[in-house]
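One letter stands for each residue in the lines below.
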Amino acid sequence: MSKSGSEVWWKIENLGKRRWAFMVFLGMLILHGSAILVFTRGFLLTRTELSQYSHCSDIQQSPCFSPLDDQLVNHSKGCWTKPAVDRIVIIVLDALRYDFVAPSTFFEEKKPWMDRLQVLHKLASQPGSFAKIFKAIADPPTTSLQRLKGLTTGGLPTFIDVGNSFGAPAIIEDNLIYQMAKNGKRVVMMGDDTWVQLFPHHFNISHPFPSFNVKDLDTVDNGCIEHLFPYLYKEDWDVLIAHFLGVDHAGHIFGVDSTEMIEKLDQYNGILEKVVDVLESLSGPGGLHENTLLLVMGDHGQTINGDHGGGAPEEVETSLFAMSLQKHPSFSLPSETDSSSCRLDMEKRKICTSSIEQLDFATTVSALLGIPYPFGSIGRVNPELYALAAGTWDLDNFTPESGINFSRFERWMQNYVNVLCMNTWQVKRYIDVYSASSVIGFSDKDMSHVSDLYAQAHDIWLHTKEDVTSLPQLKKQVEAYSNFLSSIAALARSKWTEFNVKMMGTGLCILVFSLFVHIFTIKKLDKLCSSCYLPRGGNFVISFEAIFAYAAVLIRAFSFLSNSFILEEGKVASFLLATAGMLQLRHAIVKKTMLLEGLLFVLVVPFLRVGIELGQSKQAVNSLFLKSFPSWTVGIERSSNLWIYVADILPFLALIILAYILYKSIRHSSCQGLFKFVVVGTIFASSLIALAWALDGNLFSPSMVIVDIKAYWIPRIIYVFGLLQLLLLAISLLCGKEKTSGWEEDTIVKATAMLSAWSSTIIILSGKQGPLVALAAVIQGWCIIRLMTLEQDGNESSTSYSSPVAKSSLLAVCLFFCTGHWCAFDGLRYAAAFVGFDEFNLVRQAALLTIDTFGFSHILPVMGLPLIVACRQHPEIVQAEKRKRLFFFQLCQVYLMYGLIMATSMTLTIICVTIQRRHLMVWGLFAPKFVFDAVGLLLTDFFICFASLYYFA
């Protein structure tokens, strides 16, 4: 056959192989996607959102209703209950930690961010003051959207809220804001635009501001300040909501222990002081705020690193400060309170704090305003918050001899019993409707228990109506209602989610089936590979390194069955990688070769482990690489500049080394044409990154031009360069002219160009840690490839690639954790999405966040896998066609093995969340782990498909 005829035949055969490989990998992607989709439909379900709404007329169906009762509906302004306040001012300080509000004396150690809101301490400590600090307990997940939904509906939002409004963020079930608008309350909102997304048609007036740019600490807050104070003097509203975001954004970017956070808290103290002054100046008899309630509250807390989303105590514990401006005659609160904790603050003022469940917020505010409770609310009217505006509450310490006006106190008690009666009836009605209309609902045993508790409370209610002057009977009634409501809340928290076990099992079976498909295809390729060799006999062995590779994959996968190992997943991966390195070093010593590579591989692992340790604290990472006095991490005094200089210099050195490696790669290889331009472009991009960091230092004056260049123009130029580099690689793929002297070398050039095209964008998104992580990845990758020759021993089956592929997967896991990520939504580095931009665009910011999160751990490892095959020599195969065919088969094997490792981990994750679906930490730990692994597997499959088109061309 002529040379031209042979080339035509090879192109036709190669085209068929490329299509075959792509179809195999696409099939795996579809299998995994189907398994995850089916499992998700069964696992990430929530309670059924009912379409029913509460109405004023519903009270006639309640056993609490009495036409003769002057405490209920016979009030011109009331509906279900007698209104206790005329107006409410709700100031939401996003991510308000409990220790931001409570005095530092309530905690073991005083921190710099404590005691900053002194105006609240002053108000809560005044004798006879109707102001109090509450520790507000939120239910996870503690993201702002779901917390606002929980606050306004009185329900328990779970991991993913699935309603009937496909993809629409608006709340469709009954809620507090809807009831306000429906019952004539004029609501004004300003601040976080999430409110407008959730309630698009409920506000009389709204002033929303974009909330997604976490780098912006002031725009939303300044907008609130601009509109808040003028409205305090106006009469055209009944409820005012101002949602500030500065503390939340300061936490995300700088952490709690930062100058920016303290400045924000000081600013808020000044704002609240002015708000209180205005309200008090207009609170006299006949004044605009004579009967106004001020609520200063957080939607959730935040960790010391500024994160939230999970169920850690720092995340679920936030604050609520309540102050009633109405003047209560006749009596005041006694010195002792039954559920409060009292201490002296730093100014020796006595301050008492109580606790409240955020679940109770919607119902309590509804009762204070005299509007129907949201239909799906399962909260209880909180006695202390209700008493703050509706009268005095000290049930346990009350005695007729205490001097308190008995008749007035008893009237208030009867009123509160009536309120709890409506509260209990509404919750019982909702539970009955929910259980009847939901696919699964509650079990018969649970419903029987609920009915018994309600019947007991109702029986006591009947006796209470007969003996209205008996205080012990009123106490017994309150206790019965409280037991019923607390039992409902506990039942909902334990069994709220409707798990479809059949769909979960189907998804698991599909994923297990994909594992067998992986194994079958790998073994099939083994037979095809054997046809490329000369006949040999009896030399098939499985090395100890291959056995350890299988064991390491299974050990890591099965560790997911324990929540403790999930929390320490990065450390587990680094331990397994270090163990693999020690085995390789031992092998190198025995064979007296590759000693440098073995030793280098082992020495780099501790540096990855240090990165993982620092990565578990975003503040530590930010401090180390963003110059926020990192000396505490290594025990160096803050006054020392040594660590600051080291942290400044190391990223530049790493960038220079990486650029030099790229330069050497194009200098000593046959990299020509477009491939060469791509690599040179990355070297130029590296110089731009170095320039941006240099401009960020103290060498240049911080002019607006300098700020714009380093913050906007340089990142955008690098993004454009990355897109152009990928476009050039696509052109080279279509043209098919960029061929080198050999198939293996051609693949090496392709891989180098592809990795360099992605690296610049990933590094600039990662910050100054990026070059160090990239350099560690390059060193470890080089060591894995070099040490691979120790394991050949004449074995050319798939087992010969097991060890390097397994080590590559472990390295990828380590890279994920040492870049400051972990498998939780507070493990996302949201600031990376705004590198180069201030304004929010969903697609753009999602793409940047995805690249930052999965760049080092998924994109680069997948695109670099062909180097394992290309760098392996086969001198015994003389025929070029057989070598190409063998290379194709082995590269398919390597990608299938990598996909098998990822799928195995995903399978054990699914088994874990299936077993632990009723675990206390299911939504705080197991569900986020499932989501991250699912996204990681699908991204891996996608880039494997992409790689099959690129490398098999």
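Refer to the structure above for everything that follows.
Attention here is on the structure that accompanies the text. No experiment lies behind these values; they were computed from the predicted model shown.

What follows deals with the overall build of the protein. In terms of helices and strands, the protein carries 31 helices and nine strands. Of the contacts made within the protein by residues no fewer than 6 positions apart, 78% connect residues no fewer than 24 positions apart. Of the accessible surface of the protein, which amounts to about 38500 Å², a share of 63% is contributed by carbon and sulfur atoms.

Turning our attention to the pattern of salt bridges. Scanning all chains against the criterion turns up 21 salt bridges. A salt bridge links arginine 97 to aspartate 99, with the nearest nitrogen and oxygen atoms 2.8 Å apart. The class of arginine 97 is buried, set by a relative accessible area of 6%. Residues glutamate 314 and arginine 97 are paired through a salt bridge, measuring 3.3 Å at the closest nitrogen-oxygen approach. Note that glutamate 314 is positioned in helix α10 (residues 313–316) and arginine 97 in the loop between β1 (87–93) and α2 (98–101), a separation of 217 residues in sequence. Residues joined by salt bridges that share partners form a network here, namely Arg556, Glu569, Lys929 and Asp933.

Let us look at the nonpolar core. One finds Phe25, Phe43, Leu608, Tyr895, Phe930 and Tyr951 to be the most contacted residues of the largest nonpolar core, which totals 147 residues. Per element, the largest residue contribution to this core is 19 residues, and it comes from helix α30 (residues 880–915). Apart from residues no more than four positions distant in its own chain, leucine 608 is found in contact with Leu577, Ala776, Gln780, Leu811, Cys814, Leu815 and Cys818.

Topologically, histidine 227 is positioned in helix α7 (residues 219–232). By relative accessible area, which is 17% here, histidine 227 ends up buried. Once residues lying within four places of it in the same chain are set aside, the contact partners of histidine 227 are Met190, His207 and Phe209.

So, on to the pairing of strand β3 (residues 187–192). Across the six residues that make up β3, a large majority, six, are buried. Sheet topology places β3 next to strand β5 (residues 239–244); five bridges connect them, and they run parallel. Bridging across to β5, methionine 190 finds its partner in alanine 242. In terms of strand pairing, β3 meets strand β4 (residues 205–209) through five bridges, oriented parallel. From the neighbouring strand, valine 188 faces β4, where its bridge partner is isoleucine 205.

Take the sheet that holds strand β9 (residues 350–357) next. Hydrogen bonds along the backbone pair up the strands of a sheet, which may run parallel or antiparallel. Strands sit in the order β4-β3-β5-β1-β6-β7-β2-β9-β8 across an open sheet of nine strands; the sheet is mixed. With partners counted over all chains shown, the strands left at the sheet margins are β4 and β8 (341–344), one partner each. Across the sheet, the mean angle separating the axes of adjacent strands is 15° when strand polarity is ignored.

With that settled, consider helix α23 (residues 673–695). In this model α23 runs 33 Å from its N-terminal to its C-terminal C-alpha over 23 residues, within 8% of the 33 Å that 1.5 Å per residue would give. Listing the buried residues of α23 in full gives Phe675, Val678, Val679, Gly681, Thr682, Ala685, Ser686, Leu688, Ile689, Ala692, Trp693 and Leu695.

The next point concerns the state of the cysteines. One pass over the structure, following the stated rule, counts three disulfides. What pairs with cysteine 64 in a disulfide is cysteine 421, and their sulfur atoms sit 1.8 Å apart. One disulfide, between cysteine 64 and cysteine 421, carries an S-S torsion of -90° and so falls in the left-handed class. With cysteine 64 in the loop between α1 (3–43) and β1 and cysteine 421 in helix α13 (residues 406–437), this residue pair connects regions lying 357 residues apart in the sequence. Residue pairing for cysteine 342: its cysteine sulfur links by disulfide to cysteine 352, the two sulfurs lying 1.9 Å apart. Between cysteine 342 and cysteine 352, the disulfide has an S-S torsion of 105° and is therefore right-handed. Of this pair, cysteine 342 sits in strand β8 while cysteine 352 is found in strand β9, placing the two residues 10 residues apart along the sequence. Taking relative accessible area as the criterion, cysteine 342 reaches 31% and is therefore assigned partly exposed. Disulfide partners in the protein, listed by the sequence order of the bonded cysteines, are 1-3, 2-6, 4-5.

Cut-offs used in this document
- Residues numbered from 1 in each chain as written.
- Predicted model: local features only at pLDDT ≥ 70, side-chain atom pairs only at ≥ 80, totals over all residues.
- Heavy atoms only, no water.
- Helix = DSSP H or I, 4+ residues; strand = E, 2+ residues; numbered from the N terminus.
- Contact = heavy atoms within 4.5 Å.
- Areas by Shrake-Rupley, 256 points an atom, 1.4 Å probe, with all protein chains shown as cover.
- Salt bridge = Lys/Arg side-chain N within 4 Å of Asp/Glu carboxyl O.
- Buried < 20%, exposed > 50% of the residue type's maximum accessible area, 1.4 Å probe, protein only.
- Core = buried A, V, L, I, M, F, W, Y, C linked by side-chain atoms within 4.5 Å.
- Pairing = 2+ DSSP bridges.
- Axes fitted to C-alpha atoms, helices over the stretch in contact; angles between N-to-C directions.
- Expected span 1.5 Å × (residues − 1).
- Disulfide = S-S within 2.5 Å.

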